[in-house]
Amino acid sequence: MRFLKRIVSIQDISCVGKCSLTVALPIISAMGVECSILPTAVLSTHTMFSGFTCKDLTDQISPIAAHWQERELGFDAIYTGYLASAQQIDDVCAFFDAFRREGSLIVVDPVMADNGKLYPAFGPDFPAQMARVCAKADLILPNLTEASLLTGLPYRTEQDEDYIKEMLQALAALGPRYVALTGVSFEPGKLGVMYYDKETGVYGSYFAEHLPASFHGTGDVFASTCVGGLMRGMALGDALALAADYTVESIRMTLDTPDANWYGVEFERAIPYLVRRITETPQ
Ligand code: PXL
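Let me sum up the structure you'll find in this document. Residue indices follow the written sequence of each chain, beginning from 1 at its first position. Confidence filtering applies because this is a predicted model: local features only for residues at pLDDT of at least 70, side-chain atom pairs given and counted only at 80 or more, and all residues used for totals across whole chains, interfaces and linings. Hydrogens are left out, water is left out, and the side-chain values use all remaining heavy atoms of the structure.

### Focus on the overall build of the protein
Alright, step 1. Only runs of H or I of at least four residues qualify as helices and only runs of E of at least two qualify as strands under DSSP, and these elements are numbered from the N terminus. When you go through the protein residue by residue, the secondary structure sums to 10 helices and 11 strands.
Alright, step 2. Dimensions of the protein, computed from C-alpha atoms along their principal axes, come out at roughly 55 × 45 × 45 Å.
Alright, step 3. For the exposure calls, accessible area comes from a 1.4 Å probe over protein chains only, and a residue counts as buried if that area is under 20% of its type's maximum, exposed if over 50%, partly exposed in between. For the protein, the residues scored as buried account for 52% of the 283 residues in total.
Alright, step 4. For the protein, contacts bridging at least 24 residues in sequence account for 67% of all contacts bridging at least 6. Note on definitions: a residue-residue contact is assigned when non-hydrogen atoms from the two residues lie within 4.5 Å.

Right, here's the structure in full:
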């Protein structure tokens, strides 16, 4: 019997610029959950730096998966983030089919865009490919830009509850039972997440302080914490609230650091806060 939950995270290694696996590994480990990795690419930095290098690892996904199957390795959850190319979408979908098992959870953060724009490495056909990955998930965690690209609904910076509910339903229609939309704000000074359970028809939301700064990689901090919380047995609403609070705490720790918006939030300085929060609610 294994008491330690084990997840596998499928996303890139950006060597510098804290995001994807260099965020998922430390956060999920700090939460007392084992994090195996399946790197989709190795980049010198994330793609917001000019001149980044990228070694695509698409050809490694199937052989790694085959070896794990041969060794009968299994995971309590699969968590995907940045996928390096449209070519690896089929391999990631096949990975889900091979490793999904009774009680396991597939969480897809459809990382591809922010602030109304697709990230520079992706072409206009990429959102349709990412929608195929979302279709196989139990839970997806898009931001509003990604949600709009996935559904074809307009991207709006002025939001109200009807617009967000319409977006959540359109996202759920892609396939996943649970959808949590980040970057939602209905009043100045508050920013958070609204979520929807397609099976029960229940909506929920959580709003935290909207600090006057935005940093690269905060979506990955949020998603990793949510996955860690769910693996600790938290209800979705509690895991999302913890993820929002820890992301805000990480931003707070970074506010006075010059150039941090490129290098990512100093989530490391907020790890004691995260550990305090999870030990308040024992497993
Ligand atoms: O944080 C998302 C992310 C992950 N990985 C790479 C990225 C980005 C966002 O730009 O470029 C390589």
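### What about the layout of surface pockets?
Alright, step 1. Of the pockets and cavities examined, the second largest pocket occupies roughly 220 Å³.
Alright, step 2. Points on a 1 Å grid over protein atoms alone make up a cavity when a 1.4 Å probe fits among them but cannot get out, and a pocket when they form an open set with protein on both sides within 12 Å along at least five of seven lines; lining residues each have an atom within 4 Å of a point. Forming the boundary of the second largest pocket are 15 residues, of which Leu 105, Tyr 178, Leu 230, Met 231 and Met 234 lie nearest the centre.
Alright, step 3. In the scheme used here, Gly and all other residues not listed as nonpolar or charged are polar, with Ala, Val, Leu, Ile, Met, Phe, Trp, Tyr, Cys and Pro taken as nonpolar and Asp, Glu, Lys and Arg as charged. Of the residues belonging to the lining of the second largest pocket, the class tally is 8 nonpolar, 3 polar and 4 charged. Grid points are joined across faces, edges and corners, and a volume is the space filled by probe spheres set on the points.

### Describing the packing of aromatic side chains
Alright, step 1. Two rings from Phe, Tyr or Trp (for Trp, the six-membered ring) form a pair when their centres are within 6.5 Å of each other. A pair whose planes differ by under 30 degrees is stacked, one over 60 is edge-to-face, and the rest are tilted. In this structure the tally under the stated criterion is 10 aromatic pairs.
Alright, step 2. Ring geometry for Trp 68 against Phe 95: centres 6.0 Å apart, planes inclined by 75 degrees, an arrangement best described as edge-to-face. With Trp 68 in helix α2 (residues 58–70) and Phe 95 in helix α3 (residues 89–99), this pair connects stretches of sequence that are 27 residues apart. The burial state of Trp 68 is the same as that of Phe 95; both residues are buried.
Alright, step 3. Measuring from ring centre to ring centre gives 4.0 Å for Phe 122 and Phe 126, while their planes differ by 10 degrees; the resulting arrangement is stacked. Each of the two residues, Phe 122 as well as Phe 126, counts as buried.

### A short note on the sheet that holds strand β3 (residues 54–56)
Within a sheet, each strand pairs with its neighbour through backbone hydrogen bonds, oriented either parallel or antiparallel.
Alright, step 1. Strand pairing is assigned whenever DSSP detects at least two bridges linking the two strands. Here we have 9 strands laid out as an open sheet, ordered β3-β2-β1-β4-β5-β8-β9-β10-β11, and mixed in their pairing. Two strands lie at the open edges of the sheet, namely β3 and β11 (202–209), each paired on one side alone.
Alright, step 2. Where strand β9 (residues 178–184) and strand β10 (residues 190–197) come together, 6 bridges link them in antiparallel fashion. Across the sheet, Leu 181 pairs through a bridge with Met 194, a residue of β10.
Alright, step 3. The strands touched by helix α1 (residues 21–30) within the sheet are β1 (6–16), β2 (34–45) and β4 (77–80), with β1 carrying the most contacts at an inclination of about 135 degrees.
Alright, step 4. Relative to β2, α2 is tilted by about 165 degrees, and along the sheet it contacts β1, β2 and β3. Simply put, an axis is a line fit to the C-alpha atoms, just over the touching stretch for a helix, and the angle between two N-to-C directions goes from 0 to 180 degrees.

### Some points on a nonpolar patch on the surface
Alright, step 1. A cluster of nonpolar side chains, namely Val 16, Trp 262 and Tyr 263, defines an oily patch on the protein surface of about 290 Å² accessible area.
Alright, step 2. Relative to the assigned elements, Tyr 263 resides in helix α9 (residues 260–263).
Alright, step 3. Owing to a relative accessible area of 41%, Tyr 263 belongs among the partly exposed residues under this scheme. Grouping into patches uses exposed residues only, defined as over 30% relative accessible area, and leaves out salt-bridged ones; the cut-off is 9 Å for like charges and 5 Å for nonpolar side chains (Val, Leu, Ile, Met, Phe, Trp, Tyr). Throughout, the Shrake-Rupley method with a 1.4 Å probe supplies accessible areas, and for residues the shown protein chains are the sole cover considered. Note on definitions: salt bridges are taken to be side-chain nitrogens of Lys or Arg within 4 Å of carboxyl oxygens of Asp or Glu.

### Details of the pattern of salt bridges
Alright, step 1. Counted by the stated rule, this structure contains 13 salt bridges.
Alright, step 2. Among the salt bridges present, the one from Lys 165 reaches Glu 161, with a minimum N-O distance of 3.4 Å. Pair noted here: Lys 165 and Glu 161 are both in helix α6 (residues 161–172), with a separation of 4 residues, about one helical turn.
Alright, step 3. Residue classification places Lys 165 among the partly exposed residues on the basis of a relative accessible area of 26%.
Alright, step 4. Among the residues examined, Glu 161 registers a relative accessible area of 40% and is labelled partly exposed.
Alright, step 5. Notably, a salt bridge pairs Arg 177 with Glu 199, separated by 3.3 Å at the nearest N-O pair. Taken together, the positions of Arg 177 in the loop between α6 and β9 and Glu 199 in the loop between β10 and β11 put the pair 22 residues apart, joining distant regions of the chain.
Alright, step 6. Through salt bridges with shared partners, one network takes in Arg 177, Asp 197 and Glu 199.

### Considering the site of the ligand
Alright, step 1. A cutoff of 4 Å decides nearness: a residue is near a molecule or strand if any of its heavy atoms lies inside that distance of it. Close to the ligand lie 13 residues; Asp 12, Ser 14, Thr 47, His 216 and Asp 220 are nearest.
Alright, step 2. Whenever a nitrogen or oxygen atom comes within 3.5 Å of another N or O atom, the pair is scored as a polar contact, on the condition that within protein one atom can donate a hydrogen and the other can accept it, and that pairs from neighbouring residues in sequence are kept only if both atoms are in side chains. Separating an oxygen atom of the ligand from a side-chain N or O atom of Thr 47 is a distance of 2.6 Å.
Alright, step 3. Protein chains bury 98% of the 320 Å² of accessible surface belonging to the ligand in isolation.
Alright, step 4. Counted by class, the shell around the ligand contains 6 nonpolar, 5 polar and 2 charged residues.

### Considerations on helix α10 (residues 271–280)
Alright, step 1. Among the residues making up α10, those that are buried are Tyr 273, Leu 274 and Ile 278. Projected down its long axis, α10 carries its buried residues within an arc of 125 degrees, all on one side. Pointing more than 90 degrees away from the buried face of α10 are the exposed residues Arg 276, Thr 279 and Glu 280.
Alright, step 2. Turning to α10, the residues buried within the fold contact α1, α7 (218–231) and α8 (236–254). This arc describes the spread of directions from the helix axis toward the C-beta atoms.

It is worth stressing that arrangement in space is one thing and function is another; only the former is reported here.
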